[in-house]
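Residue-level listing of the chains:
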Amino acid sequence: MASGRPLGCLHDPLYTLSSEKDHPKANIQLVGDKLVKVPIFTSMFSSLIHFPGYSLCLDGKDPVPPFIDRRWRGRAQQRLEALQQLAVGQPSLQIPQIVYEDPEVSGRNRYKYFARPLIPSNKLLPPNVCYAIEMTEPFILSATRDSKIFGPKLRTLGTQTDYRDGEAQTDPCSPEYVVPSGSVPELLTLATLTWGRGLPAGLAEVEMIEHAREKRAWEATLPAMDNASQIAKRRKMMDDMERKEWAFREQEIEKLQEIRLRVLKKLLQRLQEKQNELDAKRLDDHWQNHQKAKKEKMKKIQHDFVRMLRKLIAKRKNVMGKLERRDIIKEYTDFASQTYAPLSRIGYFPDDHSERFVVKNFYLNTFAGLCELEAALPHSVTQAEIKAPKPKYTTTKTGFIKRSARLEVELAQVHQALLEKKNKVKEPKKPPRFLEKIEKPVPRPPTPILEKPSVKEEEIELAVICLQKLLRGRAIQNLMFEEKEKRMELIQELRTTHALQEDGQLLRKAEEQMTRALQQQRDLQMQELSSMESRLAQEEGRALANMFDFLSKELLRLQEERKIHAFVMLAERQRRMREAEESGRRQVEERRRQEEDEIFRQVVKVQQSTIDSYLEDIILSTMENTAEEQAREEIQRMAVEINDIAYEMESCRTHLQSEEIVAELVYAFLIPEIEKTSIREKVRQSQRKHIYAAHQIIHRSTEELLADPALHQETSASRIEGDPPAGTGGGLSPSDGSDKDGTAS
């Protein structure tokens, strides 16, 4: 189907399909053209994946008119064939006569049966087989006609073969042969050679054939075995020939060994090259990894260096540690302050390169695009449809009111009470019957005012802060000293490992004996304490065990009582549920019995219809086979008669009549085809001039508008007001714009 006629399968009456399955495949492209982009107003200007700016919807406008039938046309033909087959056995059945339209083969529709679409030379087709038209007698054109109009004399046409390349014959044919008695052809000595195994013959095969010829010539020169002298001569010649054969065989073996050695050297060389490439690749990978790690480490060091410099610079700004108040006026006057350029490490992340996400579209930035977008939107977008809310069910199947319904009722009551209280009209005050005392409100205390601290107080505060720092530093120093005293033994142990002098060793031994004595004394004390604690723990455990035993027994008794009560309640509930299930089961069984009866009736009905359709198919196939055999016999008989008549006319025809037939064929087919090709080329050339002129006019007007900015602003203002200037496409409806685009293209 041509790309310029997507609806040809519906409009063309000659368009046919092989089966019903191909009909929906041909109509798939009609559905693809209906998809349109509908913008989502909440995220129209978004370019994020999870918040798309538009969605794909089916267009309500159908390009196919409603009066065109989209159904498959083969069903009518099938029904007609079935009626024709039934009419053979039932003469009373009347078939409507089909009236075909005159195709006008020799009239206005002649070009449909003789013309072939011209394939442009720049369009590359992948043909399986290409044939070149060989002209024995070249046609000489007149001087008035240009060769560019008629095209090249030779043209390559693309054809499709009926067989694949694998099904074609690849081995040469070897026909059967008969050898006459008494002759031995030399060709039979090469019967062992086949295609791919010795054929076509190379240098080695030629040498083998020459060697075989020499051997046959030598065998012909052997003397006959008539007497003893001839036998001895024959034996000597055979021994010499055998030595020559062995020498020839050794030469062949040496050649084969040399070839094998050459191949082995090549394989080893190739293997060594591959191994060298792998080693080089591995070294490059290691070097790349080391370079990458080096760059990352240098980058980290540079980053830490910059960070520490920044910290040092910040500390040097306030060496004395004075408190500085925020100067708002200075911050707003300095455009490099945190107010205008905040830093991301403080917690503010500015949106860099946000202009990349700005949507720039013709349909959103121009008035004409907005009009076209509004016209393309479906009716459901511009006209909102309000659906009546469905009533909510506030009760369950068992008749209880849902919790949500109760909450809604309570909220409605509270809302109504609030509205009544809000809209309640104040009743006018009645005049007092007695005098009332009016108490005056208690006066409010004065608002406290924060006094600005003086310079002396600030200095005192800084001195206090400095003192706090000193105290904290001293406290940290004391903690370090205490920890050092606690771990003095470990420090001494580490020092002993490096004590190499005799005095140090003696001191170390004395300290070791003292520590062992202290350790033994401490172990005795720990044993006494552990024995006392074990006795106390034993007494406490006995008392706690008795108390826990009593409590666990009471807990088990209470649990058993509650469990028995729960079993009683569950048994009662289960009895009621079983009674309800039994009644429901009876209803389900009755309903199922009715459904099975209906299913049985439908199955019997389907079986009856299947048998009828099967018999009908058998009858139709039998009738079709009979009609086909009769038609074949009739066609064969008519072909024999036509062949006899043609042979008779061919025998009576003269040379002059043959030339007249050839001249008529040339004038009827060749010359009209050439004239038709020339006329088409002229029409194409004339249309190309007009299209070129239209393109020049359009581009010139566009360049003038872009060159003159004042005129461009005036054109934009006139589009917004709804009065387009002359020469522009503003104010056109979407249909006019589409027609104009189609004409220009």
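Residues numbered from 1 in each chain as written. Predicted model: local features only at pLDDT ≥ 70, side-chain atom pairs only at ≥ 80, totals over all residues. Heavy atoms only, no water.

Undergrad: Hey, could you run me through the overall build of the chain in this one?
TA: Looking only at helices and strands, one finds 19 helices and six strands in the chain. In the chain, 45% of the contacts between residues at least 6 apart in sequence involve partners at least 24 apart. Summed over all atoms, the accessible surface of the chain reaches about 70,100 Å², with 59% contributed by carbon and sulfur. (Helix = DSSP H or I, 4+ residues; strand = E, 2+ residues; numbered from the N terminus. Contact = heavy atoms within 4.5 Å. Areas by Shrake-Rupley, 256 points an atom, 1.4 Å probe, with all protein chains shown as cover.)

Undergrad: Just to check I follow, could you spell out the packing of helix α7 (residues 203-220) against helix α8 (residues 228-317) for this structure?
TA: Packed helices, taken two at a time, are described by the angle their axes make and the gap between the axes. Orientation of α7 relative to α8, taken along the N-to-C sense of each, is 170°, at an axis distance of 12 Å. By the angle between their directions, the pair α7 and α8 is classed as roughly antiparallel. Across the interface between the two elements, H211, K215 and W218 from α7 touch M237, M238, M241, E245 and F248 from α8. Looking at the contact of α7 with α8 residue by residue, the classes come out as five nonpolar, one polar and two charged. (Axes fitted to C-alpha atoms, helices over the stretch in contact; angles between N-to-C directions. Parallel < 35°, antiparallel > 145°, perpendicular 65-115°, else oblique. Nonpolar A, V, L, I, M, F, W, Y, C, P; charged D, E, K, R; others polar.)

Undergrad: I tried to follow the UniProt feature "coiled-coil region" (unreviewed entry) in the chain on my own but got confused; where do I start?
TA: Feature annotation in UniProt places "coiled-coil region" (unreviewed entry) on residues 254-284 and 500-527, given in this structure's numbering. Annotated as residues 254-284, this span is 100% helix and 0% strand, and its ends, taken at the C-alpha atoms, are 44 Å apart. (UniProt positions renumbered as here; feature names shortened; annotations may be inferred.)

Undergrad: Hey, could you run me through the pattern of salt bridges in this one?
TA: Once the charged atoms of two side chains with opposite charge are near each other, the side chains can pair. Taken as a whole, this structure holds 21 salt bridges when the rule is applied. Here E483 and R487 are joined by a salt bridge, their closest N and O atoms 2.3 Å apart. Exposure remark for E483: the relative accessible area of 33% places this residue in the partly exposed category. Two residues, E554 and R557, come together in a salt bridge whose shortest N-O distance is 3.0 Å. Of the two residues, E554 and R557 are both situated in helix α16 (residues 502-652); the distance of three residues between them amounts to about one turn of the helix. In this structure R557 comes out as partly exposed when scored by relative accessible area, which is 41%. The structure contains a network of salt bridges with shared partners spanning E572, R575, R576 and E579. (Salt bridge = Lys/Arg side-chain N within 4 Å of Asp/Glu carboxyl O. Buried < 20%, exposed > 50% of the residue type's maximum accessible area, 1.4 Å probe, protein only.)

Undergrad: I keep staring at a positive patch on the surface and nothing clicks. Help me out?
TA: Positive charge collects at one region of the surface, where R262, K265, K266, R270 and K274 lie side by side. Checked against the element boundaries, K265 lands in helix α8. Its relative accessible area of 61% is what places K265 among the exposed residues. (Patch = residues over 30% accessible without salt bridge, like charges linked within 9 Å, V, L, I, M, F, W, Y side chains within 5 Å. Lys, Arg positive; Asp, Glu negative; His and termini not counted. Charge placed at Lys NZ, Arg CZ, Asp CG, Glu CD.)

Undergrad: Is there a simple way to explain the packing of aromatic side chains in this structure?
TA: The description of an aromatic ring pair uses the distance of the two centres, along with the angle that the planes make with each other. Throughout the structure, instances matching the rule amount to two aromatic pairs. Consider the rings of Y332 and Y340, whose centres lie 6.2 Å apart with planes at 80°: the pair is edge-to-face. For Y332, a relative accessible area of 45% gives the class partly exposed. Ring centres of F335 and Y340 lie 4.9 Å apart, and the angle between their planes is 45°; this geometry places the pair in the tilted category. (Phe/Tyr/Trp six-rings, centres within 6.5 Å; stacked < 30°, edge-to-face > 60°.)

Undergrad: I keep staring at the environment of T16 and nothing clicks. Help me out?
TA: Relative to the elements of secondary structure, T16 occurs in the loop between α1 (8-11) and α2 (22-26). Note on T16: relative accessible area 64%, which makes it exposed. Here the alpha-carbon distance between T16 and G74, two residues 58 residues apart in the chain, equals 8.3 Å.

Undergrad: Help me understand helix α17 (residues 655-707), please; the structure alone is not making it clear to me.
TA: Side chains that are three or four residues apart share a direction in an α-helix, a result of its 3.6 residues per turn. If you check α17, its first and last C-alpha atoms are 77 Å apart, about what 53 residues at 1.5 Å a residue would give, namely 78 Å. If you look at α17, its biggest bend is around 30°, right at V666. (Expected span 1.5 Å × (residues − 1). Bend = angle between axes of the 7 residues up to and from the residue.)

Undergrad: Can you walk me through the confidence of the model for the chain in this structure?
TA: Keep in mind that low pLDDT regions are not for reading the predicted coordinates in detail. Mean pLDDT for the chain: 76, with 76% of residues reaching 70 or above. Mean pLDDT in the chain bottoms out at helix α19 (residues 734-744), which sits at 38, and peaks at α8, which reaches 91. Counting contacts from residues 120-152, a segment whose pLDDT is below 50, to residues more than four positions away or on other chains yields 27 contacts. (pLDDT = per-residue confidence, 0-100.)

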